[in-house]
Amino acid sequence: MGMLFVCAACLFFLMLVPVTLFALTFIYRLSCVLCGLPKPTVMVASGIMFVAWLSLVMAVGVLDKVVREACSAAGLPPWEAAIIVFLLALPLDLLISAGIESGLMGVRFGKGVEVWYTQRLIQLSIVVALGLVAGVIVLIQQLA
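Keep in mind the model is a prediction, meaning the values are calculated, not measured. (Residues numbered from 1 in each chain as written. Predicted model: local features only at pLDDT ≥ 70, side-chain atom pairs only at ≥ 80, totals over all residues. Heavy atoms only, no water.)

A.B. asks: Can you tell me about the UniProt feature "transmembrane region" (unreviewed entry) in the chain, naming the residues and giving the values?
C.D. replies: Those residues carrying the UniProt feature "transmembrane region" (unreviewed entry) are residues 47-67, 79-100 and 120-140 in this numbering. Between the end C-alpha atoms of residues 47-67 the distance is 30 Å, and the span holds 100% helix and 0% strand. Note that residues 120-140 is 100% helix and 0% strand, and that its end C-alpha atoms are spaced 30 Å apart. (UniProt positions renumbered as here; feature names shortened; annotations may be inferred. Helix = DSSP H or I, 4+ residues; strand = E, 2+ residues; numbered from the N terminus.)

The structure is reproduced here in structure tokens:
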């Protein structure tokens, strides 16, 4: 029974990968349209998002190593290094994403920043809506 559950969970998460990629590409394309840019094709949008993600992963990896070494040299606990990396990764993500979007889409850097903010606002709205639904479900279960 346990192995069957693990296989079903793996299949479920494997099936979520294309759905997640579609949702992220849809959000990127929607944010381009909301910012007044021409709507990129799915291939262009996914390519831009992949290049931005890959660049961000490499940059955050270097940032993480530097911050962890600096925190260990200063005697700070590792959990504080994780918070510092998270807070420094946001502006780093903004700079990398906006630079790549402006370079590959042929628009100004400010439009790339605008697309990044719109993207994150849509993603945050989805997370808040899911949290609200989960909160309502928990409240209904507590009342029943």
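Having seen the model, we can carry on.
A.B. asks: Tell me about the packing of aromatic side chains, and name the residues and values.
C.D. replies: Given two aromatic rings, their pairing is described by the distance between the two centres and the angle made by the two planes. Scanning the entire structure with this criterion turns up four aromatic pairs. Where Phe22 meets Phe26, the ring centres are 6.2 Å apart and the plane angle is 25 degrees; that geometry is what we call stacked. On the criterion of helical spacing, the pair formed by Phe22 and Phe26 is a turn pair, its members being four residues apart in helix H1 (residues 2-34). The class of Phe22 is exposed, set by a relative accessible area of 59%. (Phe/Tyr/Trp six-rings, centres within 6.5 Å; stacked < 30°, edge-to-face > 60°. Buried < 20%, exposed > 50% of the residue type's maximum accessible area, 1.4 Å probe, protein only.)

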